[in-house]
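Breakdown of the fold
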Amino acid sequence: MDFVSIRIITGDVARLVDFYERATGVGANWSTEDFAELGTASATLAIAGTRTVPLFAPGAARPADHHSVIIEFLVDDVDRVHLNLAGSTEDLVQEPTTMPWGNRSLLLRDPDGNLVNFFTPVTPAALAKFAR
């Protein structure tokens, strides 16, 4: 089995795609105005509008109603991501901080309120764990 993607349902696809393009430096591939994907080497972030939900099951997902998941991105320079996102989010949860397990992490909420962690390994153990 391979983990392929996570999908965020939103009321404003263009706004959320713009945020994640700026945060990751990855351009989105748009299938329709209601669906775009940002692909990385290991997984894809899919962003879909509310009009896509009834295609699966009406009412199964609601935008901006996430309180138990943290979306995480391994980035080359978390401090640069922090600078790139200055002013694009009103909910900075934690400025770049080196965590006890060796990652320097930035925790914030995207424009829909989803928790997002951008991190860069900085200790030898963390660097070895995430070596590409």
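Heads up: these notes are all about the structure in this document. All values derive from a computational prediction rather than experimental measurement.

Notes on the overall build of the protein chain
Scanning the protein chain from N- to C-terminus turns up four helices and eight strands. Helices and strands in the protein chain line up, N terminus first, as β-α-β-β-β-α-β-α-β-β-β-α. Its C-alpha atoms give the protein chain principal-axis dimensions of roughly 45 × 35 × 25 Å. For the protein chain, the residues scored as buried account for 36% of the 132 residues in total. Expressed as a percentage of contacts within the protein chain between residues at least 6 apart in sequence, the contacts between residues at least 24 apart total 50%. Entry remark: accessible area of the protein chain is about 7900 Å², with carbon and sulfur atoms responsible for 54%. Charged side chains of the protein chain number 10 positive and 17 negative; the gap between the two group centres comes to 3 Å.

Describing the side chain of Asp 112
Along the chain, Asp 112 turns up in the loop between β7 (103-109) and β8 (115-121). Accessibility expressed as a relative area gives 9% for Asp 112, which makes it buried. Only 2.5 Å separates the side chain of Asp 112 from the side chain of Thr 10, close enough to count as a polar contact. Not counting residues up to four positions away in its chain, the partners in contact with Asp 112 are Ile 9, Thr 10, Gly 11, Arg 15, Leu 16 and Ala 64.

Overview of a nonpolar patch on the surface
Taken together, the side chains of Phe 3, Ile 6 and Val 69 define a hydrophobic patch exposed on the protein surface, amounting to about 290 Å² of accessible area. Here Val 69 is to be found in the loop between α2 (53-56) and β5 (70-74).

Reading the values: rules and limits
Residues numbered from 1 in each chain as written. Predicted model: local features only at pLDDT ≥ 70, side-chain atom pairs only at ≥ 80, totals over all residues. Heavy atoms only, no water. Helix = DSSP H or I, 4+ residues; strand = E, 2+ residues; numbered from the N terminus. Buried < 20%, exposed > 50% of the residue type's maximum accessible area, 1.4 Å probe, protein only. Contact = heavy atoms within 4.5 Å. Areas by Shrake-Rupley, 256 points an atom, 1.4 Å probe, with all protein chains shown as cover. Lys, Arg positive; Asp, Glu negative; His and termini not counted. Charge placed at Lys NZ, Arg CZ, Asp CG, Glu CD. Polar contact = N/O pair within 3.5 Å; in protein donor to acceptor, adjacent residues only side chain to side chain. Patch = residues over 30% accessible without salt bridge, like charges linked within 9 Å, V, L, I, M, F, W, Y side chains within 5 Å. Salt bridge = Lys/Arg side-chain N within 4 Å of Asp/Glu carboxyl O.

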